[in-house]
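Chain and residue survey
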Amino acid sequence: MSLDAPGCRISFTLNGTEVSADSPATARLSQVLREKVGAKDVKVGCDAGDCGACTVLLDGAPVCACLTAAGQAEGRRIETQAGLVARDPHGRQLARAFQRHHAAQCGICTPGMMVSAVALLRSGGALTEQIVEDALGGVLCRCTGYRSIIAAVLDTADRPAETKGGVGAAIERIDGWAKVSGAEQFGDDVAPADALTLRVIRSPFHRAAFRFGDLDEFRDAAGLALILTAADVPGENRFGVIPGFEDQPVFASDETRFKGEAVAAVVGRPDLLDAMPDFPVSWSELPSNLAPDLAVAAPLLHADRAENVMCRGYVARGNAKVALEGAAHVAAGDFSTGFIEHAYIEPEAASACRVGDRIEVQCCTQAPYMNRDGLARILGVSPDAVRIRPTATGGGFGSKLDLTAQPFVALAAWRLGRPVRVTYSRAESIATSTKRHPSQIRMEIGTDAEGRIVGARFDGSFNTGAYASWGPTVASRVPIHASGPYLTPNYEAKSAGIHTHTAPSGAFRGFGVPQSAVAQEQLYDELAGKLEMDRLEFRYLNSLAAGQPTVTGQVFEQGVGIRACFEALRPHWQRALREVAACNVSSRPHRRCGVGIAGGWYGCGNTSMSNPSTIRAGITADARICLHQGAVDIGQGSNTVIAQIFAEALGVAVGDIVLIGADTDITPDAGKTSASRQTFISGAAAKLCGEALRRQILRLGNVGDGAKIHLRDGVIELSENGASHSVPLPEANAQGYALEAVESYDPPTTPLDENGQGAPYAVFGSAAQMAELEVDCELGTVRLVRITAAHDVGRAINPALAQGQIEGGVAQGIGLALMEEFLPGRTENLHDYLIPTIGDVPPISSILIEGGDPHGPYGAKGLGEHCLIPTAPAILNAITHACGARIRDLPATPDRLRAAILSLRNGGGL
């Protein structure tokens, strides 16, 4: 319902101030608060009451503003996050606690969490974890894993957070206060007030031919400002992220390839769009194929890709066939995973303005320079004519690497010369955004009689959907990783990306590696069973050590941390085995306890290709230090970590630095936020930049390397050997800097040969996790008790941020293992698509292994992807340990687990 439709005058108190708005009484309160009275701290994630991000207090009681009619607010008192932090002691203390515990990562769910928590705190009762979980259970978070949020609510004592310290200090997020105070602005928060609204016309079929009616007549009759189709794209009507695979049209021409694909866009005032009659397009449904195993005989989606194979990947070392034939023990199996939705709480949103002969786009994105270059090709202009100004990004996990809403608003604003905005509905986001690749995997692994791996073979098929997106990266990365972090002398791994008539599969935290880990780690458990070996000790025996080759022949003399991860878990593992044994003796027969373990690894950065980041910094004439940091922080903490690295290298406090965030006009290209690359690669560039700027300062002061730098009263002071003096700064350059440094870092890698041999990554991070759980064998349900996670981080630049990444990754791994499955054409919302809630994530114990790495800044490695990889297989192995049933087709929902248990019983196993 448009807020411009005839309505009434609704008056209420908002955060202590009397306000009123003209609105239909039946309009959503969330819309009125955001669009009529400017309460942008009220976030909208679903418009269905599923995510809870829009929670406000109505006369002190928490309600979902998206489900509350505006008329219900008449004469009543409304409080939002911003008002509570500004006016309520509980809100202020809670905000500080959220800062202290790093309970806000991307920040999009934080308003709903904090508002719900304030209502609980006001009740005055004693708090427990269970009480907090019950109070906050209606709010979803996709980033944190909830544990830090629970900790913050239980610790609202008014004490300061850690704000000082360089590398190794758990300082608070330097961009965190905006998230916890309600000031943070996301994609839909920044659209100009006079912007027109854009809506996309999408295919209702998996595959269809279509024809338009008279669009000019329709536009004029409906009072629209513009209708866009493929014919209106001035440049290339295609985009993509991998060179040579730019195959997705902005608007389909003649035929659509997945349900939800765009064919047109309409632009106008919201009230006119709401009143618009059916768009003049006729559809003819065509035969479609959703299954990779039927793709050979299905219609070709792309004429130059035979049998609908997008591309293949291959790694071979030694002779796997011969090794497996001679193995003392072999385990083999078929495994599958389905589509996984990113389910970030912020739907895609963008706005654009034409400024002379340039277009400026504000959007939630993980890749501003990739967005810029892609839009330039679509518009037919030079990259310099496009400016991307990233907003805060309310969760990404890979899907916000791709262009989504940006081309539509850029084209419209370019044509109209007026600001244009778009925000996807939750159904639109789920239908059209990229997904984790479904996988069909066949794997076999063999050992000798002593338990050492002698060989492995892997064959994986990945449903890449209608268009390539990041499919080539998945196809190339999976064969490298499918051995896990284990010495495998004879190895052959094949992968293929297969086109189907579904939404494209793309990047999602791990680029296919979590799917391969589900197979390899379950087979390792089976091999340990055949050998009658302890499952942890089997993995430890086979873990890669320094000086041993990976399956691509790469040898690391330092920085191989997987054995240290298993060693760190050993006492927890032994304790858990004792407790499980005692539990299974004393518990009811249908409730069985289990513990599972899994390892994982992940190469940081792009695979076998150049992968640079550039960081710029300058000192103004009044001695302000400005850090131009273009690595987009989507909640993982790159703003803070990179600032800590830069400050350490320069030799100043983090608080002395002015952060200038991502903007393609004013920050250099720090690369995309993906592949666990920002701490490692952009961090290395920041270290080089800080060191370069420090050398300039020390030369000006004619002091030695050990001198200390101080900023006081607009001047730089240097102290050495008890003496101090100020440094005269030169005149500022055209950019306003008296001193300036720009440095880049590109990790050393080599291309892979025809057998996949080479050095694809400069750094691998590794991890080992164990899951403790209980299975109800009669219901097929799983109750997680505890996750213990040991991660080789090289060096923890900020231990609190590292812990937050681990907890968030584990939560997504829980979803992959137990509940998440997107069904093309059927899944539309966060009610039917289940992600872990605050009650689904058990206590998580994080163990940081800091062995250092020769390439990383101060020894640091990336972490984001690694956190997820071992979680699902550890849970699946624990399920088998508890009840004997093995789940090879994910997710392990109660019906599937119950069926597996019954099948095992019928075969005499239980």
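Up top you'll find the structure we're talking about.
Below is a summary of the structure that appears in this document. Because the structure is predicted, anything quoted here is derived from the model rather than measured.

Describing the layout of surface pockets
One simple way to see leftover space: roll a probe sized like a water molecule over the atoms. There is about 1300 Å³ of room inside the largest pocket. Together, 43 residues line the largest pocket, and Gln31, Glu35, Asp188, Arg421 and Thr423 are the ones closest to its centre. Among the elements of the structure, helix 1 (29-36), strand 6 (196-202), helix 9 (270-275), strand 18 (420-423) and helix 13 (426-432) are those that each provide at least two residues to the lining of the largest pocket. Here the lining of the largest pocket gets 5 residues from one element, more than from any other, and that element is strand 6. Within the lining of the largest pocket, the residues separate by chemical class into 18 nonpolar, 6 polar and 19 charged.

So, the pairing of strand 22 (residues 491-499)
For strand 22, a buried count of 7 out of 9 residues is recorded, marking the element as mostly surrounded by other parts of the structure. Examined bridge by bridge, strand 12 (residues 309-317) and strand 22 share 8 bridges and lie antiparallel to one another. Pairing of Gly313 across the sheet is with Ser495, part of strand 22. In this sheet, strand 22 lies alongside strand 21 (residues 453-465) in parallel orientation, the contact comprising 9 bridges. Looking across to strand 22, one finds that Phe462 is bridged to Gly497. On the question of chirality, the crossover connecting strand 21 to the parallel strand 22 by way of helix 14 (residues 471-481) is right-handed.

Quick notes on the side chain of Ser433
Structurally, Ser433 can be placed in the loop between helix 13 and strand 19 (435-436). A relative accessible area of 2% places Ser433 in the buried class. For Ser433, the side chain forms a polar contact with the side chain of Glu341, separated by 3.4 Å. The residues contacting Ser433, other than those within four sequence positions of it, are Glu341, Tyr344, Glu348, Ser399, Ala503 and Pro504.

Overview of the packing of aromatic side chains
Under the criterion given, the structure shown has 14 aromatic pairs. Taken together, a centroid distance of 5.6 Å and an interplanar angle of 45° make the contact between Phe210 and Trp283 tilted. Here Phe210, found in strand 7 (residues 208-212), pairs with Trp283, found in strand 11 (residues 281-285); they are 73 residues apart in sequence, far enough to count as distant. According to the relative accessible area criterion, Phe210 is buried, its value standing at 9%. Pairing Phe251 with Phe408 gives two aromatic rings, centres 5.3 Å apart and planes at 40°, and the pair type is tilted. On the criterion of sequence distance, the pair formed by Phe251 in the loop between strand 8 (226-228) and strand 9 (255-256) and Phe408 in helix 12 (residues 406-416) is long-range, its members being 157 residues apart. Each member of the pair, Phe251 together with Phe408, is buried. Aromatic ring contacts, followed pair by pair, group Phe210, Phe212, Phe218, Phe279 and Trp283 into a single cluster. Of note, Lys400 hangs over the ring of Tyr344, and the distance from its end group to the ring centre comes to 4.2 Å.

Cut-offs and rules
Residues numbered from 1 in each chain as written. Predicted model: local features only at pLDDT ≥ 70, side-chain atom pairs only at ≥ 80, totals over all residues. Heavy atoms only, no water. 1 Å grid on protein atoms, 1.4 Å probe; cavity = no way out; pocket = protein on both sides within 12 Å on 5 of 7 lines; lining within 4 Å. Points joined across faces, edges and corners; volume = space filled by probe spheres on them. Helix = DSSP H or I, 4+ residues; strand = E, 2+ residues; numbered from the N terminus. Nonpolar A, V, L, I, M, F, W, Y, C, P; charged D, E, K, R; others polar. Buried < 20%, exposed > 50% of the residue type's maximum accessible area, 1.4 Å probe, protein only. Pairing = 2+ DSSP bridges. Right-handed = clockwise from strand over helix to strand, strands pointing away. Polar contact = N/O pair within 3.5 Å; in protein donor to acceptor, adjacent residues only side chain to side chain. Contact = heavy atoms within 4.5 Å. Phe/Tyr/Trp six-rings, centres within 6.5 Å; stacked < 30°, edge-to-face > 60°. Lys NZ or Arg CZ within 6 Å of the ring centre and 35° of its normal.

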